[in-house]
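# Working through the structure, step by step
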Amino acid sequence: MNPTSPFSLATLAIVVLSLFGLPIGHAMIAGSVLYLWMAGLDMGTAAEQLLNGMYTSYVLLAIPLFILAAEFMNSGSIMDRLLRFCNALVGRWRGGLAHVNVVQSIIFAGMSGSALADAAGSGKIMQILMTKDGKYTPAFAAALTAASSVIGPIIPPSIPLVIYALVSDTSIGYLFLGGVVPGLLLGFAQMALIAYTARRRNFPVEPPVPVRELPRVAWQAFPALMMPVILLGLMYSGVTTPTEAAAAAAFYALLVSALVYRSIGWRDFHQSLMNSARMTISIGMLIAGAIVFNYVITVENIPKTISAVLKAYELSPFTFLLLANLLLLVLGCFLEGTTILLIIVPVMLPTAQALGVDPVHFGVVAVVNIMIGLITPPYGLLLFMMVKIADVPLKDIVRDILPFLGVMIAALALITFVPELVLFLPRLFGYQG
Amino acid sequence: MRAVGAWLRRRAENVAAAMIGVMFVAFIIQIVFRYLFNFPIGWSSELTVIMWLWLVLWGAAFVVRESDEIRFDLLSGAMGKRARIAMGIITAVALVVLYAASFPATWKYVTFMKVERTAYLGIRFDWLFSIYLAFAAAVIVRYLWILSHLLRGEEPEQVDLTKSSSGL
């Protein structure tokens with residue numbers, strides 16, 4: 001490729017501006033404008049692409065609504081009830097609270113589409129519970145919370161999978177179904193590791209909850225536990241579109257928090273709207289920038305060129321997936337997840353399709369990969385978050401998270417090379433792929 | 001001056017919260033009408049898409065603080081103060097020049113869109129898309145302001161790492 005072509009210079013500009021600390025959305029818009037300018041094209045095209053792209057991407061509306069649903073569900077008393085329910089289930093095992101942390105993440109994953117929402121919601125509570133009376137070291141508790149939060153966006157609903165649905169033109173419904181088994185698998189892998197560590201480090205057991213207490217604890221958590229059921233039920237019965245299901249889920253979450261648990265008042269309602277707006281704006285700006293830059297990428301025919309080059313190597317689908325995984329894992333250490341999904345993954349997609357890799361499978365693999373990036377040093381967002389919540393030095397959390405990273409990468413390998421694990425559920429619901 | 005700025009920003013936040021609220025309510029109305037009354041309405045989905053577009057650009061222009069935005073800060077975080085200021089000046093100048101250079105063509109595109117209206121609500125597209133002009137203008141002004149601080153040797157505010165990402 002010519003190093004002084006408009007495209008090369010524009011890409012260089014985006015990289016340099018981002019490295020120098022400009023918000024990534026702005027960097028992509030600015031770089032694309034530079035491209036249009038140097039290529040002698042109409043510079044108004046940037047605005048045209050951005051406006052029309054945002055105006056016609058109806059599926060993206062699910063993002064603010066899923067954020068809103070998680071905000072409504074994230075109130076203290078709902079979390080307490082969920083934790084009590086999880087404790088009744090798995091607290092009696094050795095390393096009980098550690099298992100509770102994972103099970104809680106799996107259940108909360110069915111309500112929220114964001115790992116950050118999960119860590120912010122339960123992170124603080126779990127940290128206090130686990131470190132009380134010196135049961136677990138703060139570093140282990142923080143590492144575990146970071147690792148278990150990753151499950152959130154893999155089990156539906158999932159914001160990254162909505163973004164992938166947009167860039168790949170794949171059905172959100174099938175993608176969500178594809179995330180179920182991998183999400184559970186990650187959870188089980190973490191629990192297996194906890195069971196092993198618990199015996200070696202002699203983790204404490206929680207006082208068992210008597211069996212006759214179980215129905216009461218379950219009943220108190222019931223309205224919250226129903227949320228994933230309602231959400232998925234609406235989507236797969238075909239009653240609503242995924243986007244409408246997101247709105248219905250947010251509405252249900254609001255009803256449950258306001259009327260059943262009485263844990264949310266007007267002030268919290270406004271605060272939830274505000275938090276959701278803020279998060280929507282920052283993700284939205286990134287998407288807006290990516291829409292403009294993806295136009296440039298398409299004009300330059302980049303994905304097809306790469307696909308043609310790779311085709312000459314006659315890769316097998318497995319080799320491609322292996323290389324894609326390695327690339328995404330490395331990029332995930334340095335780049336932010338949404339950016340990878342919006343810029344890098346679309347470039348890989350035509351090659352994946354040409355090689356016969358299933359788009360739903362590829363999407364779930366890519367998202368699991370990007371989620372693992374959230375807990376990989378040096379640029380693991382969830383690690384920074386837990387440093388703040390738990391007040392533990394980063395290097396201590398990193399030491400304790402390495403075994404979790406190990407089992408999660410093993411699970412990723414399994415998901416990558418056994419596509420049936422991902423595709424089994426979507427096919428059951430009629431996915432032809 | 002600072003108090004006025006803070007007051008305006010809070011009102012801008014209220015508007016953003018209201019927009020996401022409208023989006024939420026419009027969706028609920030749409031579902032109720034379609035499935036309970038068997039009466040599909042089109043304006044609600046149009047309204048939600050408009051709210052989405054406006055929320056993002058309005059928010060990026062008037063609501064987000066520098067510390068809220070998604071950026072890559074491994075490098076800038078590791079640099080000394082002088083280097084950070086130099087990097088800030090370069091990015092601010094580049095952004096202002098490029099947004100300003102594309103402004104006339106953008107203006108032309110947006111005003112040209114007056115010939116079209118949205119399907120249900122009949123809103124003229126030049127009005128609908130004018131938010132981009134406000135966004136671009138606000139970004140140019142904000143970065144000129146940042147630039148003026150940087151040129152006086154004042155450091156940009158420290159970025160909070162946990163807030164600098166989309167937080168999937």
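In this text the structure is predicted, and so the values were computed from the model without any measurement.

Cut-offs applied
- Residues numbered from 1 in each chain as written.
- Chains lettered and ligands numbered in written order.
- Predicted model: local features only at pLDDT ≥ 70, side-chain atom pairs only at ≥ 80, totals over all residues.
- Heavy atoms only, no water.
- Phe/Tyr/Trp six-rings, centres within 6.5 Å; stacked < 30°, edge-to-face > 60°.
- Helix = DSSP H or I, 4+ residues; strand = E, 2+ residues; numbered from the N terminus.
- Buried < 20%, exposed > 50% of the residue type's maximum accessible area, 1.4 Å probe, protein only.
- pLDDT = per-residue confidence, 0-100.
- Contact = heavy atoms within 4.5 Å.
- Buried area = accessible area lost by both parts, 1.4 Å probe.
- Salt bridge = Lys/Arg side-chain N within 4 Å of Asp/Glu carboxyl O.
- Nonpolar A, V, L, I, M, F, W, Y, C, P; charged D, E, K, R; others polar.
- Expected span 1.5 Å × (residues − 1).

Another aspect to go through is the packing of aromatic side chains. Residue and element names in this part refer to chain A. Tallied over the full model, the rule gives 26 aromatic pairs over all chains. Between tyrosine 174 and tyrosine 431 the ring centres are 5.0 Å apart and the planes differ by 50 degrees, which places this aromatic pair in the tilted class. Taken together, the positions of tyrosine 174 in helix α10 (residues 172–201) and tyrosine 431 in the segment after α20 (419–428) put the pair 257 residues apart, joining distant regions of the chain. Judged by its relative accessible area of 12%, tyrosine 431 is buried. Look at phenylalanine 318 and phenylalanine 417: their rings are 5.6 Å apart centre to centre, the planes differ by 75 degrees, and that puts the pair in the edge-to-face class.

On to the confidence of the model for chain B. Confidence along chain B averages 87 in pLDDT terms, with 88% of residues attaining 70 or more. Scoring of the predicted complex yields 0.89 for pTM and 0.92 for ipTM.

Attention now moves to the interface of chain B and chain A. Contacts between chain B and chain A engage 68 residues on the former and 75 residues on the latter. Between chain B and chain A lies a buried interface of about 6,500 Å² when both sides are counted; carbon and sulfur atoms form 76% of it. Where chain B touches chain A, the interface holds 2 salt bridges. For the side of chain B that touches chain A, the secondary structure elements donating two or more residues are α1 (2–36), α2 (43–63), α3 (74–78), α4 (81–112) and α5 (125–151) of chain B. For the side of chain B that touches chain A, the per-class residue count stands at 43 nonpolar, 16 polar and 9 charged.

So, on to the environment of A:Ala308. Secondary-structure assignment places A:Ala308 in helix α14 (residues 302–312). Sequence separation between A:Ala308 and A:Met79 is 229 residues; the distance between their C-alpha atoms is 51 Å.

This brings us to helix α3 (residues 45–56) of chain A. The end-to-end C-alpha distance of α3(A) is 16 Å, a good match for the 16 Å that 12 residues give at a rise of 1.5 Å each. Of all the residues in α3(A), the buried ones are A:Thr45, A:Ala46, A:Ala47, A:Leu50, A:Leu51, A:Gly53, A:Met54 and A:Tyr55. The elements touched by buried residues of α3(A) are α2 (24–38) and α13 (266–299) of chain A together with α2, α4 and α5 of chain B.

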